[in-house]
Amino acid sequence: MKKIEHIGIAVKDIDASNALFAMLFDKPHYKIEAVESEGVKTSFFKAGPNKIELLQATNEDSPIAKFIEKKGEGIHHIAFAVDDIHAEIERLKSNGFKMIHEVPKKGADNKIIAFLHPKSTNGVLVELCQDIED
Ligand code: ZN
């Protein structure tokens, strides 16, 4: 894994949180994107070299809706950049990690992604992401 690519934060009201985080970082979000397959609407901020993703559920079955119901708003996941997501999934599986996605899928912000099961990572939801070459 190369570096933390972004930190994901679960929010109830992305419009209100966009305004809040714009004040916090002193600049607005640079992108809003819906990921239908995950039932989420996302927005992205840059704070220096770091990236923050806000996630709001778009339906009741969304993993974000379930997360907020259980734990409330807050840090949802940490995403790590990888060069070869398929090789990384194989490596992690062979070391006993449990994947939520054994086959990577299309995520927000032009990435293919896969989540590890938080049960195998001390309760931290870890996302792997690889840039889609265009
Ligand atoms: Zn993410």
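Everything numeric in this text was worked out from a predicted model, so none of it was measured.

What counts, and where the lines are drawn
Residues numbered from 1 in each chain as written. Predicted model: local features only at pLDDT ≥ 70, side-chain atom pairs only at ≥ 80, totals over all residues. Heavy atoms only, no water. Patch = residues over 30% accessible without salt bridge, like charges linked within 9 Å, V, L, I, M, F, W, Y side chains within 5 Å. Areas by Shrake-Rupley, 256 points an atom, 1.4 Å probe, with all protein chains shown as cover. Salt bridge = Lys/Arg side-chain N within 4 Å of Asp/Glu carboxyl O. Lys, Arg positive; Asp, Glu negative; His and termini not counted. Charge placed at Lys NZ, Arg CZ, Asp CG, Glu CD. Helix = DSSP H or I, 4+ residues; strand = E, 2+ residues; numbered from the N terminus. Buried < 20%, exposed > 50% of the residue type's maximum accessible area, 1.4 Å probe, protein only. Donors = N, O, S within 2.8 Å, 3.2 Å for Na, K, Ca; no water. Tetrahedral: all angles 85-135°; square planar, octahedral: opposite > 155°, others 65-115°. Expected span 1.5 Å × (residues − 1). Arc of directions from axis to C-beta. Contact = heavy atoms within 4.5 Å. Polar contact = N/O pair within 3.5 Å; in protein donor to acceptor, adjacent residues only side chain to side chain. Phe/Tyr/Trp six-rings, centres within 6.5 Å; stacked < 30°, edge-to-face > 60°. Pairing = 2+ DSSP bridges. Axes fitted to C-alpha atoms, helices over the stretch in contact; angles between N-to-C directions.

Peer 1: What's the story with a positive patch on the surface in this structure? I'm lost.
Peer 2: There is a patch of like positive charges on the surface, built from K70, K71, K98 and K119. Considering the arrangement of structural elements, one finds K119 in the loop between β7 (111-115) and β8 (126-131). On the accessibility criterion, K119 (77% relative accessible area) is exposed.

Peer 1: Got a minute to help me understand the coordination of the zinc ion in this structure?
Peer 2: Each donor-metal-donor angle in an ideal tetrahedron of four donors is 109.5 degrees, and each such angle in an ideal octahedron of six donors is either 90 or 180 degrees. The coordination sphere of the zinc ion, as far as protein atoms go, consists of H6 (NE2), E53 (OE), H77 (NE2) and E127 (OE), spread over 2.1 to 2.2 Å. In this structure, the zinc ion is coordinated by four donor atoms arranged in irregular fashion, with angles at the metal of 84 to 174 degrees. Linear spacing of the donor residues for the zinc ion on their chain is H-x46-E-x23-H-x49-E. Residue E53 is located in strand β4 (residues 50-57), and its partner H77 is located in strand β5 (residues 74-81); the two are separated by 24 residues in the primary sequence. As far as the burial class goes, E53 and H77 line up, both buried.

Peer 1: Just to check I follow, could you spell out helix α1 (residues 14-25) for this structure?
Peer 2: Each full turn of the α-helix corresponds to 3.6 residues, which orients residues three or four apart in the same direction. With 12 residues, α1 extends 16 Å from end C-alpha to end C-alpha; this agrees with the ideal 16 Å at 1.5 Å per step. Three or more residues of α1 are buried, namely I14, S17, N18 and F21. The buried residues of α1 all sit within an arc of 105 degrees when viewed along its axis, so they share a single face. Set apart from the buried face of α1 by more than 90 degrees, the exposed residues are D15 and M23. Those residues of α1 that are buried lie in contact with β1 (3-10), β2 (31-35), β3 (40-47) and β4. N-cap assignment for α1: the residue whose side-chain oxygen lies 3.1 Å from the backbone N of D15 is D13. Immediately downstream of α1, the backbone of D26 shows phi near 65 degrees, a positive value.

Peer 1: Before we go on, may I ask you to explain the packing of aromatic side chains in this structure?
Peer 2: The description of an aromatic ring pair rests on the distance of the ring centres and on the angle between the ring planes. Applying the stated criterion to the full structure yields four aromatic pairs. With a centroid separation of 6.1 Å and 45 degrees between ring planes, the pair formed by F21 and F45 is classed as tilted. Residue F21 is found in helix α1, and its partner F45 is found in strand β3; the two are separated by 24 residues along the sequence. Residue class for F21 comes out buried when judged on its relative accessible area of 12%. In this structure F45 comes out as buried when scored by relative accessible area, which is 0%.

Peer 1: For this particular structure, what's the right way to read the sheet that holds β8?
Peer 2: One key point about sheets: their strands pair by backbone hydrogen bonds, in either a parallel or an antiparallel sense. Strand order in the open sheet made by the eight strands is β2-β3-β4-β1-β5-β8-β7-β6, with mixed pairing throughout. The open sheet has two edge strands with one neighbour each: β2 and β6 (105-106). The sheet contact formed by β5 and β8 spans four bridges and is parallel. Directly across from A79, in β8, lies its bridge partner E127. Here α1 sits on the sheet in contact with β1, β2, β3 and β4, set at roughly 5 degrees to β3. Along the sheet, helix α3 (residues 85-94) contacts β7 and β8; its crossing angle with β8, the most-contacted strand, is approximately 150 degrees.

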